[in-house]
Amino acid sequence: MSDLLEIFLTAGFWAATIRIACPLILGTIGELICERAGVLNLGIEGIMTIGAMSGWMWVYQGGDLWTGLMFAAFIGALFGILHSMFTVHLGLSQHVSGIGITMLASSLSFFVFRMMLPSSTTPPKIVPFKPINIPGLSDMPFLGEAIFSHTPMTYFSFAVVPVVIYVLYRTPVGLAVRMSGENPMAVEAQGINVLTIRTAAVATGSAFMAVGGAYLTMSAFDAFYFGMINGRGWICVALVIFASWRPGKALLGALLFAGLDAMQVRAQQFAGGFIPYQFFLMLPYVLSIAAMIVMARRARYPKALLIPFRRGERI
Amino acid sequence: MMVLHIKGVTKSFGSLVANDNISLTLNEGEVLALLGENGAGKTTLLNILFGHYVADEGEIDVFGTQLSPGATDAAIDAGVGMVHQHFTLADNLSVLENIVLGTEPLTSWKLDTAQAKAKLTALANEFGMHIEPDKLVADISVGERQRVEIMKALYRGARILILDEPTAVLTPQEVDNLFITLRAMVAKGLSIIFISHKLHEILAISDRVNVLRRGCMVGEIATKDADRDSLAEMMVGREVSRPEVEHMEAGAPVIELGNVIVAGGRGHKPLLNGVSITIHKHEIVGLAGVAGNGQSALGDLLSGLRTPSSGTVCIAGDTVVDYSPRAFITKGIGRIPEDRHARGVVGDMTVWENMISENLREKPLWRFGRLIDFDACREFSRNLIEQFDVRCKTMEMPAKQLSGGNMQKLILARTLQNEPRFILANQPVRGLDEGAIAAVHERLLAAKRAGAGVLLVSEDLDELFALADKIVVIYHGNVSPPLSVGDVTVQDIGIMMAGDLSHGEKFDRAGAA
């Protein structure tokens, strides 16, 4: 037991938690934006994959890291627009379209990767974002290593949250997005085009998801390989419900899940001898299901989530 | 001065012509009533005006300039505001948020809530409307929601206000308040289009009436030259006869609810909070109340769909132990469900299959043990279809293709052929045209003559006063004692519907047996 407690006392654990949380934060915020506008985006798993691939590929082909991120966001937005074509404009099933987008985007990522780099046995590498030491702060004991020695992209991921909170709750466009998810007819009756708002929200959310994927290849690791996203997208979908569709809680949820993940890696080291390691791999998921059960009971769904809005039809 | 001119608007949905070459004008400071039955095309016409729909033909001038079709923002900018029948509000957002949406450019980086609140308060004071900007829409009453809808239009500077069936959800007192507000608006030079099918309201508020029937404009009359009967005739297209109600001596109780409590969900108030009602033979009891006060729970209870948490239900003197629809049907309970599409019929099954569904287990419909006797079933349905005048091309067509009136006749036929001792008629004429309404009412009165007790649940007080012997008011799961129809007025019932059930105590308790 004391071994377990010791884990929490190491700065390495906290630094790992923050690193693991970043793609989850970006993915969850992206999904949250889509769902707040009334569109479930199950394309997230595939969009994160293609974000990871395209950002990495941009840099591998000689591009710069930040423009690589923008490229990943752009590709993500394209797939978001594709998803909204099906779900918002044609009013098709959001589940079916989302799963389709995931399959398309994942397969396309691997296909393009193999096509551009046919003969690589060991995964090729790029030079990823480097940790920056914040002068003064990073020299602090414990906190310096845990919080103030991360890559710029890590800080960016955390900075996204307050910006999204501000936009959603303090600007006219944020109000329109939230209203589209609650009662699209109310948006229409105030002279705003629901389809435009939803399309824009899905594109923006998908861009965030793609950047979340790119975090893995451009900041956490330096290569793209198969099975990289490994269900992170689905975790984000669950985290949105856990967070009751609120961005602040989404940040907490992502940190909680990341903390459990960082803990299980370390717990394997001291208990791996007598407990199979698969048990530890399972832990974050089991605990997040438990947390979901507790939190989701109080969750307040956007009322119009999953309901397509068709203009000019008989009401 | 003419502020609005609709010229030759035509709109079809598939093969249905909802609006056929309709023209009308609206003058400044005028209340124009648009009268018509359900499905006459009133809402379609105004949805075209407000830009929800695009007309197939015709054009609309507002303040002398042509309105671009199919754009709600264009209509709003031109000074048109609409109060929708189904409020276009988001429950989880505040009143203020609902109102300011769309008033500032979407590219703006800040929502000026302080300024918006000040403007809103000033407007509310100007028109004498009470509004709490910071409350969630989910937490305010239906009357307040309607004020928010109206405020939304005024906030955008509407000079022409369209109200689509605004009184459908209000108590009579709230209707009076609404009319005071509307008169204040007209006094300030606003023009109003008021949609309704309630004649007395139209006579009370409007200056001029346009009548729609089956998508066509069939007449226009100044309100001062009109009366109830002439308007009804214009709306329906023929003379309307009211059903003859004969008073009958009530017999033995057919159903008795004794202090019934039906629990709400976890953390909610009970849906029925100690309800006691007795309904006798030869008696129609009307249940009045604003929607959502426990009528659905009471309907479910009397259909055997819900078990009370405490209290008793007695059918013809026997206490019910088995709360299941099957047991209730066997004991002679007939049900006309609130939502005929969802609960009354199985839309994709044929008319005859729906017709036999309550008599499924009865002998003549079976042969060789447990196999359907198709000939017997069709014969059974054919008789009922004839007897109850259900108009369908063939009884093999899916029930969902029936019109509302014929679907309701199917349900009546199925229910009444079992000669129930008690009939639960939950909103039996909602959405029907006058002809079908008369047919349904006549059947209910015939059942009463034959000895059935009826509980008539309705939001339309005129219907209750026309048919019922007694009226019971339901509010937040509590019911008033039964009141004889002769003793009370619509105003009394209205006061009770708004929550003051004790108002009924000053009247004699009718049939307090």
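Here the structure is a predicted model, which means the values were calculated and not measured. (Residues numbered from 1 in each chain as written. Chains lettered and ligands numbered in written order. Predicted model: local features only at pLDDT ≥ 70, side-chain atom pairs only at ≥ 80, totals over all residues. Heavy atoms only, no water.)

J.: How do you make sense of the overall build of chain A when you look at a structure like this?
T.: Helix and strand content of chain A: 13 helices and zero strands. Going from the N terminus to the C terminus, chain A shows its helices and strands as α-α-α-α-α-α-α-α-α-α-α-α-α. Its C-alpha radius of gyration of 20 Å places chain A within 12% of the 20 Å reference for a compact globule of 315 residues. Reported as C-alpha extents along the three principal axes, the dimensions of chain A are approximately 65 × 50 × 45 Å. Each of the 315 residues in chain A was classed as buried or not, and the buried ones make up 54%. (Helix = DSSP H or I, 4+ residues; strand = E, 2+ residues; numbered from the N terminus. Rg over C-alpha atoms; globule rule 2.2 N^0.38 Å. Buried < 20%, exposed > 50% of the residue type's maximum accessible area, 1.4 Å probe, protein only.)

J.: Could you clarify how one ought to interpret the overall build of chain B in this entry?
T.: Each helix and strand in chain B was counted, giving 17 helices and 23 strands. Computed over the C-alpha atoms, the radius of gyration of chain B is 25 Å, within 12% of the 24 Å expected from 2.2 N^0.38 for a compact globule of 513 residues. Expressed as a percentage of its 513 residues, the buried residues of chain B come to 54%. Here the contacts in chain B between residues at least 6 apart in sequence split such that 68% fall between residues at least 24 apart. Accessible area of chain B: about 22,200 Å², with a carbon and sulfur share of 50%. Positive and negative side-chain charges of chain B, numbering 50 and 66 respectively, have mean locations separated by a distance of 5 Å. (Contact = heavy atoms within 4.5 Å. Areas by Shrake-Rupley, 256 points an atom, 1.4 Å probe, with all protein chains shown as cover. Lys, Arg positive; Asp, Glu negative; His and termini not counted. Charge placed at Lys NZ, Arg CZ, Asp CG, Glu CD.)

J.: Which parts of the structure should I look at to understand a nonpolar patch on the surface?
T.: On the surface, Leu5(A), Phe8(A), Trp14(A), Leu137(A), Met140(A), Phe142(A), Leu143(A) and Ile147(A) cluster together into a nonpolar patch covering about 660 Å² of accessible area. Structurally, Leu5(A) can be placed in helix α1 (residues 2-9). (Patch = residues over 30% accessible without salt bridge, like charges linked within 9 Å, V, L, I, M, F, W, Y side chains within 5 Å. Salt bridge = Lys/Arg side-chain N within 4 Å of Asp/Glu carboxyl O.)

J.: For this particular structure, what's the right way to read the packing of aromatic side chains?
T.: Any pair of aromatic rings gets described here by the distance separating the centres and the angle formed by the planes. With the rule as written, the count across this model stands at 18 aromatic pairs over all chains. Taken together, the ring pairs connect Trp56(A), Tyr60(A), Phe110(A), Phe113(A), Phe224(A) and Phe226(A) into an aromatic cluster. Looking at Lys11(B), its charged tip hangs above the ring of Phe13(B), at a distance of 5.2 Å from the centre. Directly above the ring of Phe127(B) sits Lys188(B), whose terminal nitrogen or CZ lies 5.9 Å from the centroid. (Phe/Tyr/Trp six-rings, centres within 6.5 Å; stacked < 30°, edge-to-face > 60°. Lys NZ or Arg CZ within 6 Å of the ring centre and 35° of its normal.)

J.: Help me understand unusual backbone geometry, please; the structure alone is not making it clear to me.
T.: Note on backbone geometry: most residues besides glycine have negative phi, and most peptide bonds are trans. Even without glycine at this site, Asn230(A) takes up a positive phi of about 50 degrees. Mapped onto the fold, Asn230(A) is located in the loop between α10 (194-220) and α11 (232-242). Note on Asn230(A): relative accessible area 57%, which makes it exposed. You will see that Asn21(B), though not glycine, has its phi angle at about 50 degrees, which is positive. Relative to the helices and strands, Asn21(B) is located in strand β2 (residues 16-27).

J.: Explain the domain arrangement of chain B here, please?
T.: All names here are of chain B. Segmenting chain B into domains produces domain 1 (2-236), domain 2 (253-345 + 418-506) and domain 3 (349-401). Here domain 1 and domain 2 have C-alpha centroids that lie 33 Å from each other. Taken together, the contact pairs 11 residues of domain 1 with 14 residues of domain 2. For the pairing of domain 1 and domain 2, the buried interface totals around 900 Å² over both sides, and the portion due to carbon and sulfur atoms is 58%. Looking at the side of domain 1 facing domain 2, the largest losses of area belong to Thr171, Pro172 and Gln173, adding up to 41% of the total buried there. Summed over the shared surface of domain 1 and domain 2, the number is zero salt bridges. If you look at where domain 1 meets domain 2, you find three residue pairs in polar contact (both at pLDDT 80 or more). Of all the elements in the fold, those that place two or more residues in the side of domain 1 that touches domain 2 are α6 (172-187) and α8 (228-236). Looking at the side of domain 1 that touches domain 2, the element that brings in the most residues is α8, giving three residues. (Domains from an automatic or database assignment. Buried area = accessible area lost by both parts, 1.4 Å probe. Polar contact = N/O pair within 3.5 Å; in protein donor to acceptor, adjacent residues only side chain to side chain.)

J.: Any chance you could explain helix α13 (residues 277-296) of chain A here in plain terms?
T.: Residues that lie three or four places apart on an α-helix share one face, since the helix turns once every 3.6 residues. Residue and element names in this part refer to chain A. Spanning 20 residues, α13 covers 29 Å between terminal C-alpha atoms, matching the ideal 28 Å at 1.5 Å per step. In α13, a bend of some 35 degrees at Leu283 exceeds every other bend along the element, and Pro284, a proline, comes one to four places later. Where α13 is concerned, the buried positions are Phe280, Leu283, Pro284, Ser288 and Ala291. (Expected span 1.5 Å × (residues − 1). Bend = angle between axes of the 7 residues up to and from the residue.)

J.: How should I be thinking about the side chain of Thr199(A) in this particular structure?
T.: Positionally, Thr199(A) belongs in helix α10. Excluding anything up to four places from it in sequence, Thr199(A) contacts Ser84(A), Val88(A) and His89(A).

J.: What is the right way to read the interface of chain B and chain A from this model?
T.: When the parts of a complex come together, some accessible area is lost, and that lost area is often taken as the interface size. Taken residue by residue, the interface counts 38 residues in chain B and 30 residues in chain A. Taken together, the two surfaces of chain B and chain A that pack against each other cover about 2,800 Å², and 59% of this comes from carbon and sulfur. Counting the surface chain B buries against chain A, the share from its top three residues, Asn92(B), Leu101(B) and Leu106(B), is 24%. Residue Lys303(A) is joined to Asp91(B) by a salt bridge in which the shortest nitrogen-to-oxygen separation is 3.0 Å. Here chain B is connected to chain A by 12 residue pairs in polar contact (both at pLDDT 80 or more).

J.: Hey, could you run me through empty space enclosed by the protein in this one?
T.: Summary: where empty space remains is shown by rolling a probe the size of a single water molecule over the atoms. Residues and elements named next belong to chain B. The final tally for this structure, using the stated rule, is two cavities of 30 Å³ or more. Volume-wise, the largest cavity comes out at about 100 Å³. Those elements giving two or more residues to the lining of the largest cavity turn out to be β6 (80-83) and α5 (142-155). Split into classes, the residues belonging to the lining of the largest cavity amount to seven nonpolar, four polar and three charged. (1 Å grid on protein atoms, 1.4 Å probe; cavity = no way out; pocket = protein on both sides within 12 Å on 5 of 7 lines; lining within 4 Å. Points joined across faces, edges and corners; volume = space filled by probe spheres on them. Nonpolar A, V, L, I, M, F, W, Y, C, P; charged D, E, K, R; others polar.)

J.: Explain the packing of helix α7 (residues 152-170) of chain A against helix α12 (residues 247-271) of chain A to me, please; I cannot follow it from the model alone.
T.: Helices that pack against each other are described as a pair by the angle of their axes relative to one another and the distance between those axes. Residues and elements named next belong to chain A. Relative to each other, α7 and α12 sit at 155 degrees, their axes nearing to 9 Å. The orientation of α7 relative to α12 falls into the category roughly antiparallel. Pair α7 / α12 crosses with right-handed handedness. Along its contact with α7, which presents Phe158, Val161, Ile165, Leu168 and Tyr169, the element α12 presents Pro247, Gly248, Leu251 and Leu255. Within the contact of α7 with α12, the residues separate by chemical class into eight nonpolar, one polar and no charged. (Axes fitted to C-alpha atoms, helices over the stretch in contact; angles between N-to-C directions. Parallel < 35°, antiparallel > 145°, perpendicular 65-115°, else oblique. Left-handed = near helix turned anticlockwise from the far one by under 90°.)

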